[in-house]
Structure formats: C-alpha cells, structure tokens
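# A closer look at the structure
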Amino acid sequence: MQRILIIGATSAIAEATARLWAARGDALFLVGRRADRLEVIAADLRVRGAAAVGSFVMDACDIPAHGAMLEAAELTIGGLDVALIAHGSLPDQKACQASVELTLREIDCNGLSVVALATLLGEKFETQGRGSLAVIGSVAGDRGRQSNYVYGAAKGMVGLFLQGLRNRLARKGVHVLTIKPGFVDTPMTAAFSKGALWAKPASIARGIVRAIDRKSDEVYLPGFWYLIMFIIRHIPERVFKRLSL
Amino acid sequence: MTLRSWGRLPGDAAAYERWWAERAAALPELDGSLLAYGNGRSYGDVCLNGGATLLHTRGLDRFIAFDEASGVLRCEAGVLLSEILDVFVPRGWFLPVTPGTRFITVGGAIANDVHGKNHHGAGTFGCHVRRFELLRSDGSRRLCSPGENADWFAATIGGLGLTGLITWVEMELKRIAGVGMAIENYRFNGLDEFFSRNATAEASHEYTVAWIDCLAATPRGIFVAGDHAAAGDLADVPGKPGSLPLTLPPDWPFSLVNGASLRVFNQAYYHRPLPAQAVVHYEPFFYPLDAVAHWNRLYGRQAFYQYQFVLPMVARTALDDILRFIAASGQGSFLAVLKTFGHLTSPGLLSFPMPGVTLALDFPNRGAPTLALFERLDAMVGAAGGRLYAAKDARMSGEFFRRSTPRLSEFMPYIDPKFSSGFARRVLP
Ligand SMILES: Cc1cc2nc3c(=O)[nH]c(=O)nc-3n(C[C@H](O)[C@H](O)[C@H](O)COP(=O)(O)OP(=O)(O)OC[C@H]3O[C@@H](n4cnc5c(N)ncnc54)[C@H](O)[C@@H]3O)c2cc1C
Ligand SMILES: NC(=O)c1ccc[n+]([C@@H]2O[C@H](COP(=O)([O-])OP(=O)(O)OC[C@H]3O[C@@H](n4cnc5c(N)ncnc54)[C@H](OP(=O)(O)O)[C@@H]3O)[C@@H](O)[C@H]2O)c1
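Okay, so let's go over this structure. (Residues numbered from 1 in each chain as written. Chains lettered and ligands numbered in written order. Predicted model: local features only at pLDDT ≥ 70, side-chain atom pairs only at ≥ 80, totals over all residues. Heavy atoms only, no water.)

This part takes up unusual backbone geometry. A cis amide bond links A:L221 with the next residue in sequence, A:P222, at an omega value of -15 degrees. Along the polypeptide, A:P222 turns up in the loop between β7 (218-221) and α8 (224-234). Its identity as a non-glycine residue notwithstanding, A:K215 has a phi of 55 degrees, on the positive side. Structurally, the position occupied by A:K215 is in the loop between α7 (201-213) and β7. At B:L160, a residue that is not glycine, the phi angle is positive and equals roughly 55 degrees. With respect to the secondary-structure elements, B:L160 resides in the loop between α4 (150-156) and β9 (165-172). (Helix = DSSP H or I, 4+ residues; strand = E, 2+ residues; numbered from the N terminus.)

A few words on the interface of chain B and chain A. Counting residues at the interface gives 14 residues for chain B, matched by eleven residues for chain A. Buried area between chain B and chain A, both sides added, is near 960 Å², and the carbon and sulfur share of it is 44%. When residues of chain B are sorted by the area they lose upon contact with chain A, B:E22, B:R62 and B:F63 head the list and together hold 52% of the total. Taken together, the links from chain B to chain A amount to four salt bridges. For B:E22, the salt bridge is made with A:R37, and the minimal N-O distance between the two is 3.7 Å. Counting every contact that joins chain B to chain A gives eight residue pairs in polar contact (both at pLDDT 80 or more). (Contact = heavy atoms within 4.5 Å. Buried area = accessible area lost by both parts, 1.4 Å probe. Salt bridge = Lys/Arg side-chain N within 4 Å of Asp/Glu carboxyl O. Polar contact = N/O pair within 3.5 Å; in protein donor to acceptor, adjacent residues only side chain to side chain.)

Moving on to the pattern of salt bridges. Residues and elements named next belong to chain B. Per the stated rule, a full pass over the model turns up 48 salt bridges over all chains. E170 is the partner of R74 in a salt bridge, and the nearest nitrogen-oxygen pair spans 3.1 Å. Of this pair, R74 sits in strand β5 (residues 72-76) while E170 sits in strand β9, and the two are 96 residues apart along the sequence. Here R74 falls in the partly exposed class, since its relative accessible area comes to 26%. Exposure remark for E170: the relative accessible area of 7% places this residue in the buried category. Close ionic contact of R130 with E170 constitutes a salt bridge, the shortest N to O distance being 3.4 Å. Placement of R130 in strand β7 (residues 129-135) and of E170 in strand β9 is noted, with a sequence separation of 40 residues between them. Residue class for R130 comes out partly exposed when judged on its relative accessible area of 37%. (Buried < 20%, exposed > 50% of the residue type's maximum accessible area, 1.4 Å probe, protein only.)

Turning our eyes to something else, we now look at the packing of helix α1 (residues 12-24) of chain A against α7(A). Residues and elements named next belong to chain A. Running from N to C, α1 and α7 point in directions that differ by 60 degrees, and their axes come no closer than 8 Å. Viewed along their axes, α1 and α7 adopt a mutual orientation that is oblique. Once α1 is placed against α7, the crossing between them reads as right-handed. Of the residues in α7, those in contact with A12, I13, A16, T17, L20, W21 and R24 of α1 are P201, A202, I204, A205, R206, I208, V209, I212 and D213. Here the residues of the contact of α1 with α7 sort into twelve nonpolar, one polar and three charged. (Axes fitted to C-alpha atoms, helices over the stretch in contact; angles between N-to-C directions. Parallel < 35°, antiparallel > 145°, perpendicular 65-115°, else oblique. Left-handed = near helix turned anticlockwise from the far one by under 90°. Nonpolar A, V, L, I, M, F, W, Y, C, P; charged D, E, K, R; others polar.)

Residue and element names in this part refer to chain A. Structurally, T178 is set in strand β6 (residues 174-181). Taking relative accessible area as the criterion, T178 reaches 2% and is therefore assigned buried. In this structure the side chain of T178 is engaged in a polar contact, spanning 2.7 Å, whose partner is the side chain of R166. Residues within four places of T178 in sequence aside, it is in contact with V135, G159, L162, R166, D217, E218 and V219.

This is the structure we're talking about:
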C-alpha cells in the first residue's frame with residue numbers, strides 16, 4: 001500500500017489516476033477547492049477499494065495554507081510515499097494579453113503555486129530519504145507559442161524547476177517526475193473540438209501510474225507527443241516565429 | 001460527428017449536446033426539450049432527440065456506497081455495468097440481471113428495464129433496484145422506491161427516459177463464488193424440441209437462452225443453459241477474451257452481411273464443435289458480441305434494424321408462423337436469440353417483458369422491402385397479443401405501440417414536460 005497525496009484532486013486526470021490507485025488498495029489524501037466534489041470523489045474511491053481516503057479544502061494559490069495541508073495529509077494517511085500535483089487552469093490567452101493582473105494570476109496558479117508545493121514536498125521527501133513527487137506539466141511548456149504562451153511559460157517554469165530539483169535529489173533517494181500530457185479531453189478543454197490527437201483521462205492516468213512505478217524522470221503522454229515536441233523544439237526560432245501555432 | 005444509436009440508422013442529429021458530471025447540479029435552462037443519453041446501446045431512437053438537446057450522463061460515473069454484507073450498491077446513473085463488474089466481480093459479487101452487452105449505463109438499464117438470460121427466475125433489472133433519485137425539469141428531486149413515491153418509481157422503470165433524469169441508483173448485487181460459468185449446450189431441431197428443453201432447463205438452471213438460425217427451413221439452433229460455477233477462482237478462468245477487443249473501422253462503404261455470408265455463417269455456427277458441458281469465463285457467456293467493438297459497423301453505411309418481440313405463451317403457434325415467414329423472406333440476419341420470459345412482474349408500467357417467449361433478430365436495412373417485412377411481422381405479433389421492445393425499435397407505428405402498451409395511459413401523466421425523444425414523438429399520443 002502506498003500513501004498518496006493528490007493536489008487538484010477534482011481534476012479529471014487526477015481523478016482517473018486516483019481510481020487506479022484506489023483499485024490497488026492505496027491510501028489517498030485529496031486536496032482541492034471544492035468541498036462537495038472532494039466528498040463525492042472520496043466516497044467513490046472508498047468503494048473502489050482505497051485503504052483510506054481523506055480530504056482537505058485548499059486553494060493551491062493560498063501558499064500559507066500549504067504547511068497545514070501537508071501536516072493533515074501525513075496525519076490522516078499515516079505518512080507520505082507519493083505526491084501528485086495536478087491542479088491547473090487553461091487561461092484565455094487573448095484576455096491575458098490585455099490584462100497584466102490576469103496574466104500574473106495564471107502564472108501564479110499554473111507556476112508559482114506548483115513551485116511552492118514542490119519546494120515543500122521536496123524538503124519533506126529529502127528529510128525522509130524517499131518519496132515520489134509527480135507533477136503534471138504540459139507539452140505547452142516545451143516551447144512558447146502565440147496561442148498559449150502564458151500557460152506555456154508557467155508550465156515551462158515548472159519543468160525547469162523540477163529538473164533542478166531532480167538533479168539535487170537524485171542522490172537522496174527521491175524520485176521527481178515531470179508529466180507532459182498532450183491534448184486531453186477534460187473539462188479544461190471542453191470548449192475545443194476534438195480530433196485524432198486527443199486522449200482520454202483514463203489513458204493518461206495509466207501512463208502516470210506506470211511512470212511513477214518505474215520512477216521515470218519525464219514522460220510525454222500519450223508517448224507520441226515526445227516525437228511531436230522533439231520536432232517542435234528543434235524548429236529554428238527564425239522559422240518558428242512566423243508559424244501560426 | 002452525429003450521434004447515432006446502436007443501429008446506426010440515419011436520423012435527426014441532436015442540436016445540442018451537454019455533458020453532465022455532477023449529480024447535485026441543476027439541469028440546464030433550455031428552450032427546447034432534453035433527453036438523457038447513456039451509452040447509446042439502444043438500437044433506435046429511444047436515446048435520440050433530433051433537433052433538441054441530449055444530456056450525456058456518462059460523466060455521472062461515481063460509486064457512492066457499497067455494503068459488503070448485503071451487496072447493496074449505490075452509484076451514479078452513468079456508471080457502466082462493465083465498471084460494476086470490474087470492481088465487484090473480484091470481490092465475489094455479480095449483477096442481478098444483465099443484458100447481452102455490458103457497455104450500458106445503470107440509468108439506461110432502468111429506463112429500458114432491461115432483461116437477461118435469467119428472466120425466468122430473476123425478472124428484469126428493475127426488480128433489483130431498491131431506489132433512485134429522479135431529477136425533474138422543474139428542479140424537484142424525488143427519492144423513488146417501492147415504499148416512497150412508488151408511482152414515480154413504477155413510471156420511471158421502463159419509462160424510456162421520459163420521466164426526468166435519474167441521478168443515482170441503489171441496487172442489489174448478488175453473490176458469486178467465481179468468474180466461471182458452468183454451461184450445457186444442446187443442438188435442437190424445431191420449436192417443439194426447444195420448448196421441451198427449455199421447460200426442463202428453466203427448472204434447474206439460472207440462465208437459459210437459445211440461438212436460432214432463422215434462415216433454415218425448420219428453425220434449428222443451440223440451446224444454452226448456465227449457472228455460476230459453484231466454486232472457483234474470482235480472478236481468472238481460461239477463456240477470458242483479450243483485454244483489447246477487436247474493432248472495426250467506422251465507415252465501411254458496403255455491408256458485409258448478405259444472403260450468402262449469412263447462410264455460411266449460420267451453417268458454420270450451428271455445426272461448430274460444441275462441448276456438451278464446459279466451464280467458461282462469464283464474459284463470453286454473457287457478452288459474446290462485446291468481444292468485437294463496434295460490430296454494428298459490419299452492416300456498413302446502410303446500417304440495420306433489430307426486431308424484438310414478445311408473445312404470450314398461449315400464442316405458441318404464432319411463433320411457428322412468424323419464424324416460417326422470416327425464413328421465407330430470406331431477410332433475417334445472424335443467429336437470432338430466442339428466450340422465454342417468466343412470471344416475475346416488474347414494477348415498471350411500460351416494462352417490455354411479459355410471461356411468454358421473445359425473439360430478437362437483426363435485419364440489414366434494405367430500405368422499403370425491410371420496412372414492408374416489419375409491417376407484416378407487426379400484424380402477426382399484434383394479432384397474437386404480443387409487443388415490440390422499444391429499446392430495439394426505430395420504426396413501429398404509434399398506433400401499434402399504443403395498442404400493445406396496456407398501461408400507457410397510467411404512464412402519461414408522469415412524463416416530464418421538458419423531456420422528449422425521437423421515439424416519444426413517433427409513438428406517443
Ligand atoms: C449487443 C447488444 C445486446 C443487447 N442485449 C440486450 C438484452 O439482452 N436485453 C435487453 O434488455 N437489452 C439488450 N440490449 C439493449 C440495451 O441493453 C438497452 O438499450 C439499454 O437501455 C442501453 O443502455 P444505455 O446506457 O446505452 O442507454 P441509451 O441507449 O443511451 O439510452 C436508453 C434509454 O435510457 C434513458 N436514460 C439513460 N440514462 C438515463 C438517466 N440517467 N436517467 C433517465 N433516463 C436515462 C435514455 O433517455 C433512453 O431512453 C442490447 C444492446 C446491444 C447493443
Ligand atoms: N486537458 C489537457 O489537455 C491538458 C494538457 C496538458 C496538461 N494538462 C494539465 O493537467 C492537469 C489536470 O487538468 P485536467 O485536464 O484534468 O483539467 P480539469 O479537470 O479542468 O482540472 C483542473 C483542476 O485544477 C483545479 N484547480 C485550478 N486552480 C486551482 C487552484 N488554485 N487551487 C486548487 N485547485 C485548482 C480545478 O479545481 P476546481 O474543480 O475547483 O475547479 C480542477 O480540478 C492540469 O495541470 C493541466 O494544466 C491538461
């Protein structure tokens with residue numbers, strides 16, 4: 001049995017992942033903004049076989065609350081083996097361009113709050129000498145594009161931060177995983193019309209569980225995004241800046 | 001992409017589709033009508049609402065509570081039967097009633113009050129539902145059970161999605177000792193042999209069904225009786241199909257189903273080597289068709305109809321006539337399914353089963369000749385006091401439906417004024 005903390009537990013991808021862990025009999029601690037949804041999800045995970053399920057209401061951007069949340073998690077499920085940071089929001093890029101305030105708020109939600117949590121959890125796992133920290137970034141963090149660069153910048157920051165953290169903690173028995181999903185059919189992307197590149201949360205969830213089990217450093221999900229992003233990252237900037245991506 | 005039901009017949013597309021994931025949320029404010037869409041495994045238009053709104057309920061897929069002692073499960077209405085099996089079979093529990101596919105939602109199972117191979121002993125799905133919540137377009141929520149709002153309970157079971165939205169359901173699972181099914185196969189020739197086999201088998205076996213070849217001059221087929229194996233393994237038994245089903249591409253331009261291919265198939269199926277007794281995994285026993293995802297695409301763009309009727313037992317001779325008529329028409333498709341219904345009455349007002357015998361058969365859509373054939377069949381079914389299964393229907397006349405649905409006038413007042421379906425507009429007064 002693993003003891004697992006999930007931040008942003010009402011996310012479709014996080015919930016699908018939690019179901020797989022519940023089926024294995026893991027103990028789960030769910031953190032999110034909406035108490036009623038957390039309760040509904042917790043009940044479901046109990047029926048599916050989770051050894052224990054606790055929950056905690058917190059806005060991830062409320063950084064002073066992080067410490068108390070972590071304490072509650074350890075107390076409720078008796079320690080911590082894995083943490084998954086899943087919350088995020090997909091900004092309206094056009095609206096961000098017109099508002100410094102909105103831009104910073106989005107960077108806060110997708111970037112700074114994650115950096116804060118990763119710092120805290122990194123310390124925690126370093127002290128105990130083991131643990132897996134898994135964070136959902138995005139393929140959007142691999143390169144800035146005009147259609148989505150506020151989100152991309154925040155996810156990119158998280159990616160770099162985790163690289164450094166991984167490098168630092170590699171010798172301390174701590175596993176740090178960066179998860180980079182492509183297009184996933186979730187409430188976040190409800191407004192988009194879906195084509196062949198789109199994946200379901202359940203398939204991303206299987207990839208996440210596998211990557212944590214195998215202690216991978218970085219995964220693209222589904223795997224073909226590795227290839228797509230390899231190409232995108234290698235287009236020379238002088239060409240890239242003219243593309244409408 | 002236009003949403004279709006399982007028959008893939010062209011129909012009016014829904015103008016709007018909404019996804020529903022939170023059972024506590026209010027219904028959307030809409031101008032036109034709405035209808036719940038579960039997993040689209042109905043063959044015709046009971047799950048379609050041309051020109052108006054469909055509310056996808058698959059997002060309502062959370063379990064709520066399970067009592068390990070009694071087997072009572074509470075879950076949201078969009079949970080698939082397959083999801084229930086995945087979670088509960090390893091713990092020794094099974095569905096009380098299951099249709100021939102496990103990819104249907106609990107809400108859809110109630111709205112069509114589905115039946116399975118154990119109807120003779122267990123009745124319909126609705127017989128095992130303890131209660132549910134019904135959300136109406138006026139925002140009201142009713143707990144419905146045999147003891148509370150019993151009239152709403154009865155109207156909603158088999159209520160074709162027209163009484164409102166079922167948000168969650170409480171039902172009984174039943175104990176099993178293992179994943180295995182102990183089965184017995186018999187070949188039979190002629191209906192007399194079927195009925196005598198069936199009478200004996202029903203007395204001693206939980207599940208019975210027969211596959212019959214409707215192209216043969218005298219109906220012949222394979223009778224199967226089964227029971228959950230008394231002991232065994234909850235994890236595995238040989239014969240569980242691979243986890244990834246075969247799948248067929250979406251838009252086959254022509255039908256692979258024609259007179260020649262069918263005769264060959266039915267011949268081969270009838271004569272295939274059959275063990276008289278065997279223990280098999282429950283999946284191939286209950287869900288032989290689920291092994292090929294989207295098998296309905298076999299029929300190509302012209303799509304197909306399924307025709308399922310029930311006749312009261314006294315109308316035995318009408319069954320001979322109907323089978324002879326189908327064989328002579330040469331239009332029937334793969335093996336048809338023949339099964340007797342028992343005497344357990346469902347609480348549902350519009351529930352399809354009645355004590356008697358039911359036959360389900362696919363027909364490739366050949367346009368006018370196919371529809372004309374159905375008219376003739378309707379006349380025979382109607383004269384024998386039978387009726388058609390709405391879940392499989394895409395074409396019966398309103399007149400036929402009203403004549404063959406005895407409790408329709410009791411049901412009508414429970415229809416939600418905002419809910420409608422293609423089926424409702426086609427057949428209701
Ligand atoms: C291969 C195959 C084999 C089958 N075998 C059998 C069989 O053996 N016995 C049998 O009885 N049936 C059988 N069926 C038919 C199938 O079981 C029914 O059509 C079933 O109702 C489909 O459920 P669904 O979740 O796909 O619902 P849909 O087809 O999407 O909808 C069915 C009805 O349920 C309503 N509904 C769905 N969810 C809700 C909700 N939450 N609240 C209110 N109304 C709701 C819809 O409005 C609609 O009227 C079979 C179908 C297939 C494809
Ligand atoms: N969907 C995609 O295509 C895609 C692609 C790449 C990466 N991702 C990433 O995958 C992760 C999960 O997203 P999803 O696709 O599953 O979408 P989702 O279902 O919309 O989930 C997003 C979740 O983040 C939560 N959240 C947002 N801001 C928060 C805050 N300040 N504090 C706490 N929780 C907050 C939301 O909580 P509420 O329930 O309270 O709103 C929601 O549960 C995100 O990090 C996202 O960026 C998604």
